[in-house]
Amino acid sequence: MLKKIALGSIFASVLALTYIQSTASVQDQSELTKENIEALAFFDKIEEWWNRKDYTCVSVTCECIMYDYKSEVASAVDEGTGDAAHTWNCPGCGDCGWLS
């Protein structure tokens, strides 16, 4: 009985893997369904939003315990009007201290 269950499980697994491989094959554009096109458009919008430049790097003086140095931190601006897409695109002061 256990042998039949094991063989059945292996057979089902092979069928499932075969199905997944056949459906995961690359489609050319003539085969794209409406759902594929909508999904691609959705991801394009996410990428567009992710890369939108919503910050400007502003000069600051980083004050450390023993020294000061010039750097830049991110400052939020109107959507899409900045020069940096993310706060980490500006160097900042790190763990050195506070801004002045």
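Here is a short report on the structure shown in this document. (Residues numbered from 1 in each chain as written. Predicted model: local features only at pLDDT ≥ 70, side-chain atom pairs only at ≥ 80, totals over all residues. Heavy atoms only, no water.)

1. Details of the overall build of the chain
Counting its secondary structure elements, the chain contains two helices and three strands. In the chain, the succession of α and β elements from N to C terminus is α-α-β-β-β. Out of the 100 residues in the chain, the part that is buried amounts to 15%. Across the chain, every contact between residues at least 6 apart in sequence was considered, and the portion connecting residues at least 24 apart equals 55%. When the accessible surface of the chain is summed, it comes to about 8400 Å², and 61% of that surface belongs to carbon and sulfur atoms. (Helix = DSSP H or I, 4+ residues; strand = E, 2+ residues; numbered from the N terminus. Buried < 20%, exposed > 50% of the residue type's maximum accessible area, 1.4 Å probe, protein only. Contact = heavy atoms within 4.5 Å. Areas by Shrake-Rupley, 256 points an atom, 1.4 Å probe, with all protein chains shown as cover.)

2. Some thoughts on the packing of aromatic side chains
Inspection of every chain in the model, using the stated rule, returns three aromatic pairs. Arranged with centres 6.1 Å apart and planes meeting at 55°, the rings of Trp49 and Trp50 form a pair that is tilted. Ring pairs connect the aromatic residues Trp49, Trp50 and Trp88, which therefore count as one cluster. (Phe/Tyr/Trp six-rings, centres within 6.5 Å; stacked < 30°, edge-to-face > 60°.)

3. Description of the pairing of strand E2 (residues 68–76)
Residues in a regular strand point their side chains to alternate faces of the sheet. Where strand E1 (residues 55–63) meets E2, nine bridges bridge the pair, whose relative direction is antiparallel. If you follow Thr56 over to E2, its bridge partner there is Ser75. Two successive antiparallel strands, E1 and E2, enclose a turn made up of four residues. (Pairing = 2+ DSSP bridges.)

4. Examining the environment of Glu63
Structurally, Glu63 can be placed in strand E1. Each C-alpha atom of the pair Glu63 and Cys93 lies 8.4 Å from the other, and the pair is 30 residues apart in sequence.

5. Some thoughts on the pattern of salt bridges
One side chain can pair with another of opposite charge once the charged atoms of both are near each other. A complete count under the given rule lists two salt bridges for this structure. Residue Arg52 is joined to Asp54 by a salt bridge in which the shortest nitrogen-to-oxygen separation is 2.8 Å. With relative accessibility at 24%, the residue Arg52 sits in the partly exposed group. Here the residues in one salt-bridge network are Arg52, Asp54 and Glu79, joined through shared partners. (Salt bridge = Lys/Arg side-chain N within 4 Å of Asp/Glu carboxyl O.)

6. Considerations on a nonpolar patch on the surface
Residues Ile46, Trp49, Trp50 and Trp88 make up a contiguous nonpolar surface patch of about 510 Å² in total accessible area. Among the structural elements, Ile46 can be located in helix H2 (residues 34–50). (Patch = residues over 30% accessible without salt bridge, like charges linked within 9 Å, V, L, I, M, F, W, Y side chains within 5 Å.)

7. Section: the environment of Glu79
Residue position: Glu79 is located in the loop between E2 and strand E3 (98–99). We classify Glu79 as exposed; its relative accessible area is 59%. With 24 residues separating them in the primary sequence, Glu79 and Tyr55 have C-alpha atoms 8.3 Å apart.

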